[in-house]
Amino acid sequence: MNAPQPGGGTFLTFEGIDGSGKSTQARLLADALRAEGRDVVLTREPGGSTGAEEIRRLVLEGEPDRWSAETEILLFTAARRDHMERTILPALAAGKVVICDRFADSTRMYQGLSRGDLRGLVDTLHDLMIGREPDMTLLIDMDPETGLQRALGRQGTEERFEDFGPELQQQMRAGFLALADDYDDRFRVIDGNRPVEVVAAEVFATATPAFA
Ligand code: ADP
Ligand code: TYD
């Protein structure tokens, strides 16, 4: 893509179903790496740049049928392209660690599976417009009932995807685990159904080789 080429930085992503503890673990990993003296950019999707945060409102707020499935894929991809150009690639080029809460694997799952089989379209657009995978992806695996209860504990306006229900959460969990098998060179699966500090310790130990 027409943006700075990634340099010596390290690109880590967190994935998993809603409420699995991604944001918590991303923040704790960023804190732990900063304590080691590393320069860390903690970011998220959809969002992570000014334009992409604007698109975040378009995709996460409003009625569930606000966008067609195809338009939704375009919007998520547009947000990611802006995030790559403005935030992720410049940080990697400067040798920083980028930790991103959700990335393209979320589009492969949510847009690729939940409204029909659109995975091919998601992958084609990714190849055309993004063209980069993380160095390591930490999948926080979680029992969907627990994840749903945790996620529903949060109140807010970002509700378009929040009425998924246990069945779709189960489908997403299975989908993420299958994706981890497909891309086993970069995926690491972490059991999220344990106390925060226990999960964080395993995340830190698991991520460390990414800097070797
Ligand atoms: P996600 O980003 O995957 O949606 P969050 O990190 O926002 O998940 O966590 C969702 C909720 O669950 C938050 O209220 C958080 O404090 C809580 N939480 C996160 N990890 C754990 C854990 N290991 N055990 C219990 N509660 C947790
Ligand atoms: P996020 O803020 O990470 O929510 P949570 O903390 O509940 O996991 O993401 C908001 C929603 O956006 C989430 O339900 C998943 C959805 N999403 C997609 O559908 N496609 C995508 O590509 C991304 C990045 C997120």
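A quick note: this is a predicted structure, and the numbers were derived from the prediction, not measured.

Draft legend 1. Just the packing of helix 6 (residues 144-152) against helix 7 (residues 165-182), in detail. Running from N to C, helix 6 and helix 7 cross one another at 115 degrees; their axes reach a closest spacing of 9 Å. Helix 6 and helix 7 meet at a crossing whose hand is right-handed. Counted together, Pro 144, Glu 145, Gly 147 and Leu 148 of helix 6 and Gly 165, Pro 166, Gln 169, Gln 170 and Arg 173 of helix 7 form the full contact between these two elements. A per-class count over the contact of helix 6 with helix 7 returns 3 nonpolar, 4 polar and 2 charged.

Draft legend 2. Main features of the nonpolar core. Among the nonpolar cores identified, the biggest contains 20 residues, and Met 109, Tyr 110, Met 172 and Phe 176 are the most heavily contacted of them. Mapped onto this core, the elements with two or more residues apiece are helix 2 (50-60), helix 3 (69-93), helix 4 (104-113) and helix 7. Apart from the residues within four sequence positions on either side, Tyr 110 is in contact with Gly 16, Ile 17, Asp 18, Arg 102, Arg 115, Phe 164, Met 172 and Phe 176. In this structure, Val 40, Ile 99, Ile 140 and Ile 190 belong to the second largest nonpolar core, which totals 17 residues.

Draft legend 3. Spotlight on the packing of aromatic side chains. What the rule picks out here adds up to 2 aromatic pairs. Arranged with centres 5.0 Å apart and planes meeting at 85 degrees, the rings of Phe 11 and Phe 103 form a pair that is edge-to-face. Taken together, the residues Phe 11 in strand 1 (residues 10-15) and Phe 103 in the loop between strand 3 (97-101) and helix 4 connect sequence positions 92 residues apart. This pair shows no difference in class: Phe 11 is buried, exactly as Phe 103 is. With 6.3 Å between their ring centres and 65 degrees between their planes, Tyr 110 and Phe 176 make a pair best called edge-to-face.

Draft legend 4. Geometry of the environment of Arg 44. Of note, Arg 44 is situated in strand 2 (residues 40-44). Here the alpha-carbon distance between Arg 44 and Phe 14, two residues 30 residues apart in the chain, equals 9.3 Å. If we skip the residues at most four places from it in the chain, Arg 44 touches Glu 53, Arg 56, His 83, Cys 100 and Asp 101.

Draft legend 5. Representation of the packing of helix 4 against helix 5 (residues 119-129). Closest axis-to-axis distance for the helix 4/helix 5 pair is 8 Å, and the angle between their directions is 150 degrees. Between helix 4 and helix 5, the crossing angle belongs to the class labelled roughly antiparallel. Of the two possible hands of crossing, helix 4 and helix 5 adopt the one that is right-handed. Across the interface between the two elements, Ala 104, Thr 107, Arg 108, Gln 111 and Gly 112 from helix 4 touch Arg 119, Val 122, Asp 123 and His 126 from helix 5.

Draft legend 6. A negative patch on the surface, seen in detail. Together, Asp 181, Asp 182, Asp 184 and Asp 185 make up a region of like negative charge exposed at the surface. Secondary-structure assignment places Asp 184 in the loop between helix 7 and strand 5 (187-191).

Draft legend 7. Just the sheet that holds strand 5, in detail. Sheet architecture is open: 5 strands sit in the order 2-3-1-4-5, paired in parallel fashion. This sheet does not close on itself; its edge strands, each paired only once, are strand 2 and strand 5. Neighbour-to-neighbour, the strand axes of the sheet open up by a mean angle of 20 degrees, direction not taken into account. As paired strands, strand 1 and strand 3 are joined by 5 bridges and run parallel to one another. Within strand 3, the residue paired with Thr 10 across the bridge is Val 97.

Scoring rules and cut-offs
Here the residue numbering is sequential within each chain, running from 1 through the sequence in written order. Working convention: letters from A go to chains and numbers from 1 go to ligands, in the order in which they are written. In view of the model being predicted, local features appear only for residues whose pLDDT reaches at least 70, and side-chain atom pairs are presented and counted only at 80 or more, with totals across whole chains, interfaces and linings using the full set of residues. Side-chain calculation: all heavy atoms of the structure are included, whereas hydrogens and water are not. Simply put, an axis is a line fit to the C-alpha atoms, just over the touching stretch for a helix, and the angle between two N-to-C directions goes from 0 to 180 degrees. Counting from the N terminus, the helices are DSSP H or I runs at least four residues long and the strands are E runs at least two residues long. Throughout, a crossing is termed right-handed when the near helix is turned clockwise from the far one, and left-handed when it is turned anticlockwise from it by less than a right angle. Note on definitions: a residue-residue contact is assigned when non-hydrogen atoms from the two residues lie within 4.5 Å. Side-chain classes follow a simple rule in which Ala, Val, Leu, Ile, Met, Phe, Trp, Tyr, Cys and Pro form the nonpolar group, Asp, Glu, Lys and Arg form the charged group, and the remainder, Gly included, forms the polar group. Residues grouped as a nonpolar core are buried Ala, Val, Leu, Ile, Met, Phe, Trp, Tyr and Cys residues, joined through side-chain atoms within 4.5 Å. Working definition: with a 1.4 Å probe on protein chains only, accessible area under 20% of the residue-type maximum means buried, over 50% means exposed, and in between means partly exposed. To pair, rings of Phe, Tyr and Trp, with the six-membered ring standing in for Trp, must have centres within 6.5 Å; the planes then decide the type, stacked if under 30 degrees apart, edge-to-face if over 60, and tilted in the middle. The scheme is simple: roughly parallel for angles under 35 degrees, roughly antiparallel for over 145, roughly perpendicular for 65 to 115, oblique for anything else. Like-charged residues within 9 Å of one another, or nonpolar side chains (Val, Leu, Ile, Met, Phe, Trp, Tyr) within 5 Å, are grouped into patches, provided each residue has over 30% relative accessible area and no salt bridge. For every accessible area listed, the method is Shrake-Rupley and the probe measures 1.4 Å; residues are considered covered only by the protein chains on display. Criterion for a salt bridge: a side-chain nitrogen of Lys or Arg within 4 Å of a carboxyl oxygen of Asp or Glu. In this count, Lys and Arg are taken as positive residues and Asp and Glu as negative ones, while His and the chain termini are left out. Where a charge lies is defined by one atom per residue type: Lys uses NZ, Arg uses CZ, Asp uses CG and Glu uses CD. If DSSP finds at least two bridges between two strands, the strands pair.

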